[in-house]
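# Per-entry structural report
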Amino acid sequence: ISGGHFNPAVSIGLAAAGRFNPTQLAAYIVAQLLGAIVAGGLLYLIATGKAGAQLGGFATNGYGEHSPGGYNLMSALLIEVVLTAVFLVVILGATGRRAAQNFAGLTIGLCLTLIHLISIPVTNTSVNPARSTGPALFVGGWAIQQRWLLWVAPLIGGVICGVVYRWLSREPEG
């Protein structure tokens, strides 16, 4: 029904590529955020359901001292922009009119797996502002303070890819 939109950067990138109606963006992003917050809450309840449990990083994303590998702000910005753009290229290509539709889910899933393998050491992998916001709300403090980057970078990557794809693509809009 929705096209499987779980990621604001993907929705905005698809709109920039002419593949999604921009008037629906606000509703989709609100739904994505609510879903991420509910999921974060469920994970919080599970993670704290054991006596003496400590949250630790709790699936949060960050840079500097909160990067799994200690990567700085610039590294985090670059990897999140580039890998979100790559993710959008794969989504747009795999779902295009000339693509083998039966393989879109597999292609997109394998791409996201590769993105995680590459970027977990840098930011713990966001590329999805909503997904990374859910757990951050339960961690608080630094996780909220660094949230700006994990919204800005994926959105920039999504828009860049969408605009470039639209410019290069021979597919009709709509």
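Since we're looking at a predicted model, the values are computed, not measured. (Residues numbered from 1 in each chain as written. Predicted model: local features only at pLDDT ≥ 70, side-chain atom pairs only at ≥ 80, totals over all residues. Heavy atoms only, no water.)

It is worth spelling out the nonpolar core at this point. Counting residues in hydrophobic clusters, the biggest one holds 27 residues, and the most contacted among them are Phe 87 and Leu 92. Listed by contribution, the elements that provide at least two residues to this core are α1 (8-16), α2 (25-47), α3 (73-94), α4 (104-123) and α7 (147-168). For this core, the element with the highest residue contribution is α3, accounting for nine residues. If near-sequence neighbours (up to four positions away) are discounted, Leu 92 is found in contact with Leu 14, Ala 17, Arg 19, Cys 161 and Tyr 165. Formed by five residues, the second largest nonpolar core is a distinct cluster that contains Ala 76, Val 81, Leu 149 and Ala 153. (Core = buried A, V, L, I, M, F, W, Y, C linked by side-chain atoms within 4.5 Å. Buried < 20%, exposed > 50% of the residue type's maximum accessible area, 1.4 Å probe, protein only. Helix = DSSP H or I, 4+ residues; strand = E, 2+ residues; numbered from the N terminus. Contact = heavy atoms within 4.5 Å.)

Positive phi, close to 60°, is recorded for Ala 59, a residue that is not glycine. Judged by relative accessible area, which is 41%, Ala 59 ranks as partly exposed. With a phi close to 60°, Thr 125 is a non-glycine residue in the positive phi region. Of note, Thr 125 is situated in the loop between α4 and α5 (129-139). Here Thr 125 falls in the buried class, since its relative accessible area comes to 2%.

What follows deals with α5. Among all positions in α5, only Pro 129, Ala 130, Ser 132, Thr 133, Gly 134, Pro 135 and Ala 136 are buried. Sitting at the head of α5, Asn 128 places a side-chain oxygen 3.0 Å from the backbone nitrogen of Ala 130. Backbone geometry just downstream of α5 places Gly 140 in the positive-phi region, at approximately 70°. (Polar contact = N/O pair within 3.5 Å; in protein donor to acceptor, adjacent residues only side chain to side chain.)

Right, let's talk about the packing of α3 against α4 for a bit. Running from amino to carboxyl end, α3 crosses α4 at an angle of 175°, the nearest separation of the two axes being 9 Å. Of the possible angle classes, the one that applies to α3 and α4 is roughly antiparallel. Across from Ser 75, Ala 76, Ile 79, Glu 80, Leu 83, Val 86, Phe 87, Val 90, Ile 91 and Ala 94 in α3, the residues of α4 making contact are Ala 104, Thr 107, Ile 108, Cys 111, Leu 112, Ile 115, Ile 118, Ser 119, Val 122 and Thr 123. Of the residues assigned to the contact of α3 with α4, the class counts are 15 nonpolar, four polar and one charged. (Axes fitted to C-alpha atoms, helices over the stretch in contact; angles between N-to-C directions. Parallel < 35°, antiparallel > 145°, perpendicular 65-115°, else oblique. Nonpolar A, V, L, I, M, F, W, Y, C, P; charged D, E, K, R; others polar.)

Bringing a nonpolar patch on the surface into the picture now. Together, Ile 37, Val 38, Leu 42, Tyr 44, Leu 45, Leu 137, Phe 138 and Ile 144 give the surface a local cluster of nonpolar side chains, amounting to about 690 Å² of exposed area. Of all the elements, α2 adds the most residues to the nonpolar patch, at five residues. Its place among the elements puts Ile 144 in helix α6 (residues 142-145). (Patch = residues over 30% accessible without salt bridge, like charges linked within 9 Å, V, L, I, M, F, W, Y side chains within 5 Å. Areas by Shrake-Rupley, 256 points an atom, 1.4 Å probe, with all protein chains shown as cover. Salt bridge = Lys/Arg side-chain N within 4 Å of Asp/Glu carboxyl O.)

Another point: the packing of aromatic side chains. One pass over the full model with this rule turns up three aromatic pairs. Look at Phe 20 and Tyr 28: their rings are 4.7 Å apart centre to centre, the planes differ by 75°, and that puts the pair in the edge-to-face class. According to the relative accessible area criterion, Phe 20 is buried, its value standing at 10%. These aromatic residues form a ring-pair network of at least three members: Tyr 44, Phe 58 and Phe 138. (Phe/Tyr/Trp six-rings, centres within 6.5 Å; stacked < 30°, edge-to-face > 60°.)

Moving on, we get to the state of the cysteines. This model, assessed by the stated rule, comprises zero disulfides. Here Cys 111 stays unpaired: no disulfide links it, and the sulfur of Cys 161, its closest cysteine neighbor, is 10 Å away. In this structure Cys 111 comes out as buried when scored by relative accessible area, which is 11%. (Disulfide = S-S within 2.5 Å.)

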